[in-house]
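# Breakdown of the fold
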2 protein chains.
Amino acid sequence: MSQMRSTVLLLAAVVAGCGTARTSNEAPMPAPAPAAARAEAMPAAPAAPASSYDTIRARPFDTGRMWTFDVPPLDHFQRTYGFRPTQQWLDNVRLSVVRFATWCSASFVSPEGLLLTNHHCGVPTLDPVQRAGENLLTNGFISRTRAEERRVPDLFVEQLVSIEDVTERVAASMGQDGSQEERQARQMAVRREMERPDSANRMRYQVVEFYNGGRYSRYGYKRFDDVRLVFAPEQGIAFFGGDPDNFNYPRYNLDMALYRVYDENGRPYRPANYLRWSAAGAREGDPVFVVGNPGTTQRQLTNAQLQYLRDVSQPAQLAVLNAQRTSIQRIGQADAARGLELRDNLFSIENSIKAITGRRAGALDPALFARKVDWERRFRAAVQGDPARAARYGAAWDSITAFQAERRALAPGLLFNAYLNSGPLGQAMALVRAAGGEAQFRTAAGAPLTAARGEQVIELSELLRVAQRNVPQDSLLRLVLAGRTPDEAATQIVSSYTLADTAARRQLLAGGAAAVQASTDPVVALARQVAPLVMARQRAMAAINVRETAQRNLLGRAFYEVYGTDVPPDATFTLRIADGVVKGYEANGTIMPWKTTYYGLYNRAYGFDQKTSDFDLPPRWETPPAGLRLETPFNFVSTNDIIGGNSGSPMINRDAEVVGLIFDGNLQSLPGNFIFDETQNRTISVHSAGILEALRTAYRAQRLVDELVPPARR
Amino acid sequence: MSQMRSTVLLLAAVVAGCGTARTSNEAPMPAPAPAAARAEAMPAAPAAPASSYDTIRARPFDTGRMWTFDVPPLDHFQRTYGFRPTQQWLDNVRLSVVRFATWCSASFVSPEGLLLTNHHCGVPTLDPVQRAGENLLTNGFISRTRAEERRVPDLFVEQLVSIEDVTERVAASMGQDGSQEERQARQMAVRREMERPDSANRMRYQVVEFYNGGRYSRYGYKRFDDVRLVFAPEQGIAFFGGDPDNFNYPRYNLDMALYRVYDENGRPYRPANYLRWSAAGAREGDPVFVVGNPGTTQRQLTNAQLQYLRDVSQPAQLAVLNAQRTSIQRIGQADAARGLELRDNLFSIENSIKAITGRRAGALDPALFARKVDWERRFRAAVQGDPARAARYGAAWDSITAFQAERRALAPGLLFNAYLNSGPLGQAMALVRAAGGEAQFRTAAGAPLTAARGEQVIELSELLRVAQRNVPQDSLLRLVLAGRTPDEAATQIVSSYTLADTAARRQLLAGGAAAVQASTDPVVALARQVAPLVMARQRAMAAINVRETAQRNLLGRAFYEVYGTDVPPDATFTLRIADGVVKGYEANGTIMPWKTTYYGLYNRAYGFDQKTSDFDLPPRWETPPAGLRLETPFNFVSTNDIIGGNSGSPMINRDAEVVGLIFDGNLQSLPGNFIFDETQNRTISVHSAGILEALRTAYRAQRLVDELVPPARR
């Protein structure tokens, strides 16, 4: 089995969502204004509480605190924490932290290549190393010797070893001549050239676009591809509380795992840079830094774009997700064992519902939205106040607003189209499109149907039902329903399908467009009717995306020109350092403490009598392990700015010691996709002392404790 | 010192608020309809989730489940729990539970008169029995022998020994002749006669009005006035979590105290009825019953009345309370020691802010409000559907709606008048009104000023400021400000006051109206100008109240006629039995467990490093007492319907055993003043096993453990 969680899923959802396509620039990039000439990037907070939303002002750090290592905010650190990291400090932490495969972050925590990340980042690596009779997800994995460490096939980590500002080169590459397409092509060629890997040195390169094209850097990564699993706790303690406690605090999760990087000769890699472990760990009020790779944020969205997300796209996503949840619940009600098998799918859906609901709640919060409004007003005024800038960028906001109206006209039919991907109809659609020359549909067209017919009917009918409730007049939906109720249509589509057999379908596909065109299968016949209409809609939406991205690039450059590097760019799944403070917060009518303890784990487990699966502790933890000091800090919160992709990032103190391991954000952090609000947005970490305590008592993994904190350092 | 808390304060606030004045009836009471003819009192919940607020329906028990012992809902209990209490069972629990002074409930829990109530109910009794050098609030009180039990002066409890339906007699007393005033006077005379105490038998009587006059009962109480303090824990464990955790769950409070009732001969009273203690206590899913005296609910409010509360009166209350909080905070910032002295005042204000905010949040919740709308629609349809009823009651809703418009015109000036009660101006006002013949102002006029001048200025200026922000054009405010800023006016009023000396003021008052009229004190001069205007406004508001109450009485009778006793009456601080189930709930994005444990107490204390006063455990509890089983249930939640006044009520099982002691509701229970919503409204109790565990280990009070659970019963 393979299950991915929480921030990982969140990242995937964001990446799949709107606003991530990037095109090259249309005009040469202007240099950022000198610091003195910049507009006020961080307006002071209003002195008095606002009595109406009009008086609410943008605040410092509304666009976050995910700083790049290109231009670390030394003055901000100095001002805020009295701490000015040296270049050596910065290099050390940069080289100590890596990208973990394509979805997480991790850090070197010993001189012998021990690597720390989250358990939920490691979940996809358990299945590939699992042996007959084992269940590593349920029972965990402890290697008692180095020999027992298990290499994970295809797992790799990447260390950022070089950073080069290539803004000028990328800008120059476009030239001034030729059509926009020619100029774009020239730029892409230059970027591709810069990204050519250096296989001999195991180096790969990435040209990273910041500020939607305001700035470019060439990042060089050293890649390690012998990574072995050292330790993973049981899912029941790593993800204690399950979906209910997901995105929540107070929290009690041992969401950590250990790997080891080996060199080309199969010996433990000895990194020149690694983070030392703080046995005492984070304390309230400490300045702390998260170093890792946040995936995607959308903090440069215009208000019109945010409104579109909030009012059109998120409600539709939620409606479809709810229909999918209903399907699985109906299946589980009919067949409890099958329901258990689908538990991970259900969790993944519930995770998305919780995440999107939280983000939307932020966009619906009039006070948060008012801050965005003021932020845009200030930015716009700074552009309009300068005739040259106004001429270059001034029209972009209105253009983007106009695009949202175009989207609103097109979106509903597309947003409620999920029934076209479901079961036999989904296969038939893939078949028709693959035969029509769209290669990306070949895999889906040839894949087996995993659900039984009854389940196919349930899923399809629920998806048709949600479409019928929301877009009853949609031409495409009417074509599929053909006057039938959702239940009738689903039943007939599933029962009339003649191509459930994978071999038959592959054979048909091998016959090419003519064979598919000639197929007498009624579902394929329906797909042939439907496909051209869907493609036309998708092309129309894609065309809007291209034009809108060009306008967004303009705004990106305007933003960089006005504010420069005083404000960090949106997240790009590249290395950042995010500063913050260990600090509780007010919520739910009371105060959330800065930390939890092992006492709290048992309070929550006993509170539910350890009866429900989400709160059922694994055998090792059922009662407190001998010697466990219950008052040891377990999880804690801080004001650092993180997002999906950051999972696995170490939390360090000013001595570059590991004081914690981030693994989630609280519910109030979900609006962080568009605004960072440090009053309530909190990063949740496993405490470094809590990790040692667990390794020492529950797992008796003294070998690892000694490696993390050598006896000489105690 | 004396400090009252939580539900006690809540009760006081409700009683002081709107909607409790009652007048006698204007017409003879009709008998309730026979059960078969009654309108559907408990509509079924809607089958599908509502897609818009219009489709939201009232639900069974929206008006609550606080049943009287006059007509216990035996069929409902049978249907819901398969449990039909006998008359003997009902008599036993009724006689086992008492009113504790004028603010709480309590129960007999041993054959030797041991009485259980909440610590917060007992707080006002600590000061009167405290001896030199003691601090019972901080350090608690444990009597090691009976001889050490301390009689509390003036403390009494009342046991409900007789119930008599006097609806007919009250109705007949009015007669048909004479003016409305004459008929009211006759009725009041009859009620007073029925309420005459029987001192020889230590009996007092109360005619209780249910359904705003739909039904009357004569309750006979046996009074006990030798009540001695036996045990009170430290405030730090009884009220662990302070204001932040007040109205919250999960919770960790040992909010209990023990008293003993003594007979006229100074011997422990041996009650014929008492509740046995369940050592195991409540379990998830158990049907449980709260027996006690809920103070006041307003569930019969019309939508217009509720809207007035929500949109006019509650926002004004909150604004004034916030101004008062700001005053105390400013005083505390200037003088930390004084701030500490004012901590109880601050808490009382914060408690009110939290309570009113929660109630208002309920009224602002569109789904809850929609249920009220549907509830009223159904009730109104049932009245309008019957010509006789329509003629008698049909106009009441519109009349009440019209009164709200009158209130809205008058209210703002009155609601922001708090500055007239503050410091010197408040004294001068009391002086003028007392001299004018209003005796109820004499005490205030002669009382000393407790705050220093600086504090008087702060308070007055904050109250003037909030008035100026909200009712800048108010004629009365303009008279007081006289063109000055709030700070200037406050400074000048306080500094020009010549009557701070109590003796001087009493002398002036002794001189009567003429002396006060002749006073040259500038603040008295201002009060002479202001007082007639205030009195005129108050008279106008009182006149609305009288007319509105008459209409509310009509609706009360209509309600009783339509629904009869299928729906319980609003709370009246008389004995009720409220049924429910031990059950967690969903909130804050996760699941709240049905219970907490002592593990959780330590998690929360260590979470704040035991550093802030709210989470600082008393010495006895700083680390777990020897032998304490941390997994013992400590607090728990259930779906019972309670409100201020219920504090101290036992929670019993169907064997009439004490399984818990209620002490608070969760935040989601606050809208319970106008609607009962069992999806989230929860009663919070101390678990009976948790109490035993604390007595046994932390307090080593084996004498009390043995009395609660005699060794023979273990």
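Values in this document were obtained by computation on a predicted structure and should not be read as measured data.

Let us now look at the overall build of chain A. Helix and strand counts for chain A stand at 26 helices and 21 strands. In summary, chain A has a C-alpha radius of gyration of 26 Å against a globular reference of 27 Å for 714 residues, a match within 12%. Over its C-alpha atoms, taken along the principal directions, chain A stretches across nearly 75 × 70 × 60 Å. Counting across all 714 residues of chain A, residues that qualify as buried make up 59%. Long-range contacts, defined here as pairs at least 24 residues apart, represent 79% of the contacts in chain A between residues at least 6 apart.

Rotating chain B by 180° and moving it 0.0 Å along the rotation axis overlays it on chain A with an RMSD of 0.1 Å. Such a turn and shift between the copies fits a two-fold axis. Taken together, the interface assignments show that 100% of the residues at the interface of chain B recur at the interface of chain A, consistent with an identical surface on both copies.

On to the state of the cysteines. All names here are of chain A. Applying the stated rule across the entire model yields 2 disulfides over all chains. A sulfur-sulfur separation of 2.1 Å characterises the disulfide bridge that pairs Cys 104 with Cys 121. One quick way to see it: the torsion about the S-S bond of Cys 104 and Cys 121 is about -75°, and its sign makes the bridge left-handed. With Cys 104 in strand S3 (residues 104-108) and Cys 121 in helix H4 (residues 119-129), this residue pair connects regions lying 17 residues apart in the sequence.

We now examine empty space enclosed by the protein. Counted by the stated rule, this structure contains 14 cavities of 30 Å³ or more. Looking at the largest cavity, its volume works out to about 410 Å³. Pro 250, Tyr 252 and Met 592 of chain A together with Pro 250 and Tyr 252 of chain B are the residues nearest the centre of the largest cavity, which is lined by 24 residues in total. Of all the elements in the fold, those that place two or more residues in the lining of the largest cavity are strand S16 (590-592) and helix H24 (598-607) of chain A together with strand S16 (590-592) and helix H24 (598-607) of chain B. Among the residues forming the lining of the largest cavity, the class breakdown is 10 nonpolar, 10 polar and 4 charged.

Once that is clear, we can look at the packing of aromatic side chains. Residues and elements named next belong to chain A. For the structure shown, the criterion picks out 64 aromatic pairs over all chains. With 6.0 Å between their ring centres and 75° between their planes, Tyr 81 and Phe 289 make a pair best called edge-to-face. Residue Tyr 81 is located in helix H2 (residues 74-81), and its partner Phe 289 is located in strand S13 (residues 287-292); the two are separated by 208 residues in the primary sequence. What makes Tyr 81 buried here is its relative accessible area of 11%.

Each partner contributes to the interface: chain B provides 31 residues, whereas chain A provides 31 residues. Surface buried jointly by chain B and chain A totals about 2400 Å² across both partners, of which 54% is contributed by carbon and sulfur atoms. Applying the counting rule to chain B against chain A returns 2 salt bridges. Lys 595 of chain A is the salt-bridge partner of Asp 609 of chain B, the closest N and O atoms lying 2.3 Å from each other. At the junction of chain B and chain A, the tally comes to 24 residue pairs in polar contact (both at pLDDT 80 or more). For the side of chain B that touches chain A, the secondary structure elements donating two or more residues are helix H9 (242-245), S16, strand S17 (595-597) and H24 of chain B. At 7 residues, H24 of chain B tops the list of elements feeding residues into the side of chain B that touches chain A.

By size, the foremost hydrophobic cluster in this structure holds 176 residues, and its most contacted members are Leu 254 and Trp 621 of chain A together with Leu 254 and Trp 621 of chain B. Setting aside its immediate chain neighbours within four residues, Trp 621 of chain B contacts Glu 234, Ile 237, Leu 254, Tyr 598, Leu 601, Tyr 602, Leu 628, Ala 694, Ala 698 and Tyr 699 of chain B.

Another aspect to go through is the environment of Tyr 221 of chain B. Residues and elements named next belong to chain B. Tracing the backbone through its elements, the reader meets Tyr 221 in strand S9 (residues 215-224). Expressed as a C-alpha distance, the spacing of Tyr 221 and Val 157, which sit 64 residues apart in the sequence, is 9.3 Å. In this structure the side chain of Tyr 221 is engaged in a polar contact, spanning 3.4 Å, whose partner is the side chain of Arg 99.

The next subject is the environment of Tyr 585 of chain A. Residues and elements named next belong to chain A. With respect to the helices and strands, the residue Tyr 585 is situated in strand S15 (residues 585-587). By relative accessible area, which is 5% here, Tyr 585 ends up buried. Taking the C-alpha atoms as reference points, Tyr 585 and Val 637, 52 residues apart in sequence, are found 8.8 Å from one another. Beyond its immediate chain neighbours, meaning those up to four positions away, Tyr 585 contacts Tyr 249, Thr 590, Ile 591, Met 592, Val 637, Asn 666, Gln 668, Thr 679, Gln 680 and Arg 682. A polar side-chain atom of Tyr 585 sits 3.3 Å from a polar atom in the side chain of Asn 666.

Counting buried positions along helix H3 (residues 87-96) of chain B gives 7 out of 10 residues, so the element sits mostly inside the fold. Regarding H3 of chain B, the residues found buried are Trp 89, Leu 90, Asn 92, Val 93, Arg 94, Leu 95 and Ser 96 of chain B.

A few words now on the packing of helix H16 (residues 423-435) of chain B against helix H21 (residues 502-510) of chain B. Residues and elements named next belong to chain B. Contact geometry of H16 with H21 gives a least axis separation of 10 Å together with a crossing angle of 25°. In terms of orientation, H16 lies roughly parallel with respect to H21. Regarding H16 and H21, the two cross each other, and that crossing is right-handed. Together, Gln 427, Leu 431, Ala 434 and Ala 435 of H16 and Arg 505, Leu 508 and Leu 509 of H21 make up the contact between the two elements. Split into classes, the residues belonging to the contact of H16 with H21 amount to 5 nonpolar, 1 polar and 1 charged.

Moving on, we get to the side chain of Asn 646 of chain B. Examined against the element boundaries, Asn 646 of chain B turns out to sit in the loop between strand S18 (633-638) and strand S19 (650-652). For Asn 646 of chain B, a relative accessible area of 3% translates into the label buried.

What follows concerns unusual backbone geometry. Of the consecutive residues Tyr 249 of chain A and Pro 250 of chain A, the connecting peptide bond is found in the cis state with omega at 5°. Mapped onto the elements of the fold, Pro 250 of chain A is located in the loop between helix H9 (242-245) and strand S11 (257-261). Its identity is not glycine, yet Phe 573 of chain A carries a phi of approximately 50°, on the positive side. In this fold, Phe 573 of chain A is placed in the loop between helix H23 (522-563) and strand S14 (576-581). The backbone of Phe 247 of chain B sits at a positive phi, close to 65°, despite the residue not being glycine. For Phe 247 of chain B, the position within the fold is in the loop between H9 and strand S11 (257-261). Looking at Phe 247 of chain B, the relative accessible area reads 1%, which means it is buried.

All names here are of chain A. Following the sequence through the fold, His 119 ends up in helix H4. Classification of His 119 by relative accessible area gives buried; the value is 1%. Non-local contacts of His 119, meaning those with residues more than four positions away in its chain, are made with Leu 126, Leu 137, Ala 232, Pro 233, Gln 235, Ala 238, Asp 255, Met 256 and Ala 257.

Another point: the pairing of S3 of chain A. Residue and element names in this part refer to chain A. For S3, the tally of buried residues reaches 5 of 5 residues, placing the bulk of the element in the interior. Burial along S3 is two-sided: Cys 104, Ala 106 and Phe 108 and Ser 105 and Ser 107, pointing in opposite directions, are all buried. Relative to S3, strand S2 (residues 97-100) runs antiparallel, the two sharing 4 bridges. Each bridged residue has a counterpart across the sheet, and for Phe 100 the counterpart in S3 is Cys 104. Judged from the 2 bridges that link them, S3 and strand S4 (residues 114-117) form a sheet pairing that is antiparallel. When the sheet's bridge partners are listed, Ser 107 is paired in S4 with Leu 116. Linking S3 back to S4 in an antiparallel pair, the connection comprises 5 residues, with Gly 113 at a positive phi of about 80°.

Right, let's talk about the pattern of salt bridges for a bit. Enumeration over the complete set of coordinates arrives at 102 salt bridges over all chains. Taking the shortest distance from any N to any O, the salt bridge between Glu 678 of chain B and Arg 65 of chain B comes out at 3.1 Å. Residue Glu 678 of chain B is found in the loop between strand S20 (657-665) and strand S21 (683-687), and its partner Arg 65 of chain B is found in the loop between helix H1 (6-16) and strand S1 (66-68); the two are separated by 613 residues along the sequence. Residue Arg 65 of chain B is classed as buried on the basis of its relative accessible area, which comes to 3%. Ionic contacts of the salt-bridge type, sharing partners, join the residues Glu 112, Arg 146, Glu 149, Arg 260, Arg 270, Arg 703 and Glu 707 of chain A into one network.

The subject of this paragraph is the confidence of the model for chain A. Residues and elements named next belong to chain A. Residues with a pLDDT of 70 or more make up 92% of chain A, whose mean pLDDT is 90. Segment residues 1-51: pLDDT under 50, and 130 contacts once partners within four positions in sequence are set aside and those in other chains are kept. Interface scoring of the predicted complex returns ipTM 0.86; its pTM is 0.88.

Calculation notes
Residues numbered from 1 in each chain as written. Chains lettered and ligands numbered in written order. Predicted model: local features only at pLDDT ≥ 70, side-chain atom pairs only at ≥ 80, totals over all residues. Heavy atoms only, no water. Helix = DSSP H or I, 4+ residues; strand = E, 2+ residues; numbered from the N terminus. Rg over C-alpha atoms; globule rule 2.2 N^0.38 Å. Buried < 20%, exposed > 50% of the residue type's maximum accessible area, 1.4 Å probe, protein only. Contact = heavy atoms within 4.5 Å. Least-squares fit on C-alpha atoms with pLDDT ≥ 70 in both. Disulfide = S-S within 2.5 Å. 1 Å grid on protein atoms, 1.4 Å probe; cavity = no way out; pocket = protein on both sides within 12 Å on 5 of 7 lines; lining within 4 Å. Points joined across faces, edges and corners; volume = space filled by probe spheres on them. Nonpolar A, V, L, I, M, F, W, Y, C, P; charged D, E, K, R; others polar. Phe/Tyr/Trp six-rings, centres within 6.5 Å; stacked < 30°, edge-to-face > 60°. Buried area = accessible area lost by both parts, 1.4 Å probe. Salt bridge = Lys/Arg side-chain N within 4 Å of Asp/Glu carboxyl O. Polar contact = N/O pair within 3.5 Å; in protein donor to acceptor, adjacent residues only side chain to side chain. Core = buried A, V, L, I, M, F, W, Y, C linked by side-chain atoms within 4.5 Å. Axes fitted to C-alpha atoms, helices over the stretch in contact; angles between N-to-C directions. Parallel < 35°, antiparallel > 145°, perpendicular 65-115°, else oblique. Left-handed = near helix turned anticlockwise from the far one by under 90°. Pairing = 2+ DSSP bridges. pLDDT = per-residue confidence, 0-100.

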